[in-house]
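As a plain string of letters, each chain reads:
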Amino acid sequence: SDVCSSDLVQLAPERLENGCRTYTLHANNITSTTASYDLVRKMRASVLVLGPLLARFGQAKVSLPGGCAIGTRPVNLHLAGLRDLGAEIEIEDGYILAKAPNGGLKGGTVRFPSISVGATEDLMMAAALTEAETVLENAACEPEIVDLAKLLNTMGASIEGAGSSRMVIRGRNQLMGANHSVVPDRIEAGTYAMAAAITGGAVELPGVGAELLGATIEALVHTGVEVSLSRDGIKVKADGRLRAVDVNTAPFPGFPTDMQAQMMALMTTADGTSIITETIFENRFMHVPELARMGADIAVKGNMAVVRGVKTLKGAPVMATDLRASVSLVLAGLQAQGETIVNRVYHLDRGYQALDEKLAACGADIERIAG
């Protein structure tokens, strides 16, 4: 909807089909190739309009992104990749000014020096609108990459190798419309699995395949949580105090950095000591002081957090600092004795639709209050 407000696309009203929210987007008459600071500062992913706009119109002006303050996340991989395809790019007054001279972007080989989901997605979309062959090496392998490739192929592109580190993309000068069911959000699903685990409860996640949650499920099973297949998804059940386990974040198929804060909340009341190592972002332990306010015993040493489990947490006023930190505090509040008030929950709404309503439907005593 943010993009819609800048006239980049037209978004038809939401409707429900078979219990699922369905949107219809029309991008026939785009009136602007500028994504303003006011839009991009609110959600970092908005920078992903850069590649498609540049490939389609030969130019784009996109603000440098904002988002959660979890560490340095430059867009240099996006820019270097687009330059490899022939783009001319400058940074001016906080904006990326990109042009594709001499007839538009060209094909080529892009080798990412480090794995980046966003850069992989941006280059995929740009290459899909480029009438040449593009090879992406050291590409991200996340399920969301596979899902995007599936959509682009349905729209007329030819993408091979999605889900591996090497993709070959043969684009077209114009893509056609398509119908697509978006892959379930594995981080949202994993968060609800953690909610069941931290409360000693149970939850069923219909429509979520176990392959999406591989490393998260593995970590939960090691703590003593029971995970089983249901008719069309998975069931998660916890009974009794859990065991402490160590986790290292890593690109897919490793343990997701976006599940690290939730896992830390879970480990605050586990039996024993766990070591959580963050290898993706250098500033993603900002939830630690807030968990400590609730009685957690956590010591941070560089990129490692040593968590010594306590019997129970105690409710307290806490402050959310970013999206996943926010939900880790909600999980901690579900387990804690007494009342927990989580402030600055606007972070939550970017990644969790109606979180309070869904948790309440599962038996949680939770409400959103005006602030």
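Heads up: these notes are all about the structure in this document.

Reading the values: the criteria
Residues numbered from 1 in each chain as written. Predicted model: local features only at pLDDT ≥ 70, side-chain atom pairs only at ≥ 80, totals over all residues. Heavy atoms only, no water. Helix = DSSP H or I, 4+ residues; strand = E, 2+ residues; numbered from the N terminus. Buried < 20%, exposed > 50% of the residue type's maximum accessible area, 1.4 Å probe, protein only. Polar contact = N/O pair within 3.5 Å; in protein donor to acceptor, adjacent residues only side chain to side chain. Contact = heavy atoms within 4.5 Å. Pairing = 2+ DSSP bridges. Axes fitted to C-alpha atoms, helices over the stretch in contact; angles between N-to-C directions. Parallel < 35°, antiparallel > 145°, perpendicular 65-115°, else oblique. Left-handed = near helix turned anticlockwise from the far one by under 90°. Nonpolar A, V, L, I, M, F, W, Y, C, P; charged D, E, K, R; others polar. Salt bridge = Lys/Arg side-chain N within 4 Å of Asp/Glu carboxyl O. Core = buried A, V, L, I, M, F, W, Y, C linked by side-chain atoms within 4.5 Å. Right-handed = clockwise from strand over helix to strand, strands pointing away.

**Concerning the side chain of His 78**
Take His 78: it is sitting in helix 4 (residues 76–84). Overall, the relative accessible area of 5% leaves His 78 in the buried class. In terms of polar contacts, His 78 uses its side chain to reach the side chain of Asp 122, at 2.9 Å. Look past the residues within four positions of His 78 in its chain and what remains in contact with it is Val 47, Leu 48, Gly 118, Ala 119, Asp 122 and Leu 123.

**Re the sheet that holds strand 19 (residues 304–308)**
Reading across the sheet, the four strands line up as 16-17-19-18 and stay open at both edges, with mixed pairing between neighbours. The sheet is open, and its two borders are formed by strand 16 (247–248) and strand 18 (297–301), each paired with just one other strand. As paired elements, strand 18 and strand 19 share five bridges and run antiparallel to each other. Bridge pairing in strand 19 places Ile 298 opposite Val 307. Against the sheet, helix 9 (residues 260–267) engages strand 16, strand 17 (273–277), strand 18 and strand 19, with an angle of about 170° to strand 17.

**So, the packing of helix 7 (residues 186–199) against helix 11 (residues 323–335)**
Taken N-terminus to C-terminus, the directions of helix 7 and helix 11 make an angle of 25°; their axes are 9 Å apart at the nearest point. Viewed along their axes, helix 7 and helix 11 adopt a mutual orientation that is roughly parallel. At the point where helix 7 passes helix 11, the crossing takes the right-handed sense. Between helix 7, through Ile 187, Thr 191, Met 194, Ala 195, Ile 198 and Thr 199, and helix 11, the contact on the second element is made entirely by Arg 324, Val 327, Leu 331, Ala 332, Leu 334 and Gln 335. Looking at the contact of helix 7 with helix 11 residue by residue, the class counts come to eight nonpolar, three polar and one charged.

**Some words on the pattern of salt bridges**
Scanning the entire structure with this criterion turns up 11 salt bridges. Asp 258 serves as the salt-bridge partner of Arg 324, at 4.0 Å between the closest nitrogen and oxygen. Here Arg 324 is found in helix 11, whereas its partner Asp 258 is found in the loop between strand 16 and helix 9, with 66 residues between them in sequence. The exposure class assigned to Asp 258 is partly exposed, which follows from its relative accessible area of 25%. A single network of salt bridges, built from pairs that share partners, joins Arg 111, Glu 137 and Arg 166.

**Side note on the nonpolar core**
Of all hydrophobic cores here, the largest spans 58 residues; its most connected members are Met 263, Met 264 and Leu 266. The dominant element in this core, judged by the number of residues it contributes, is helix 7, at nine residues.

**A short note on helix 4**
Within helix 4 the residues assigned to the buried category are Leu 77, His 78, Leu 79, Gly 81 and Leu 82. Where helix 4 ends, the next residue or the one after it, Gly 86, has phi of about 105°, a positive value.

**So, the pairing of strand 17**
Two strands pair when backbone bridges link them, and strand 16 and strand 17 are joined in this way by two bridges, in the parallel orientation. Pairing of Asn 248 across the sheet is with Thr 277, part of strand 17. For the handedness criterion, the β-α-β arrangement of strand 16, helix 9 and strand 17 is classed as right-handed. When strand 17 meets strand 19, the two strands line up antiparallel, connected through five bridges. Residue pairing across strands places Ile 276 opposite Ala 305, the latter belonging to strand 19.

**Re helix 3 (residues 50–57)**
Buried residues of helix 3: Leu 50, Gly 51, Leu 53, Leu 54 and Ala 55, and no others. Residues of helix 3 that are buried in the fold lie against strand 6 (59–63), helix 4, strand 8 (95–99) and helix 5 (117–128). Backbone geometry just after helix 3 places Gly 58 at a positive phi near 80°.

**What about the pairing of strand 10 (residues 133–137)?**
Bridge analysis of strand 9 (residues 108–111) against strand 10 gives four bridges, and the strand direction is parallel. Counted as the bridge partner of Val 110 is Leu 136 from strand 10. Handedness of the crossover joining strand 9 and strand 10 through helix 5 is recorded here as right-handed. Here strand 10 runs beside strand 12 (residues 166–170); their pairing, made up of five bridges, is antiparallel. Along strand 12, the bridge assignment pairs Thr 134 with Ile 169.

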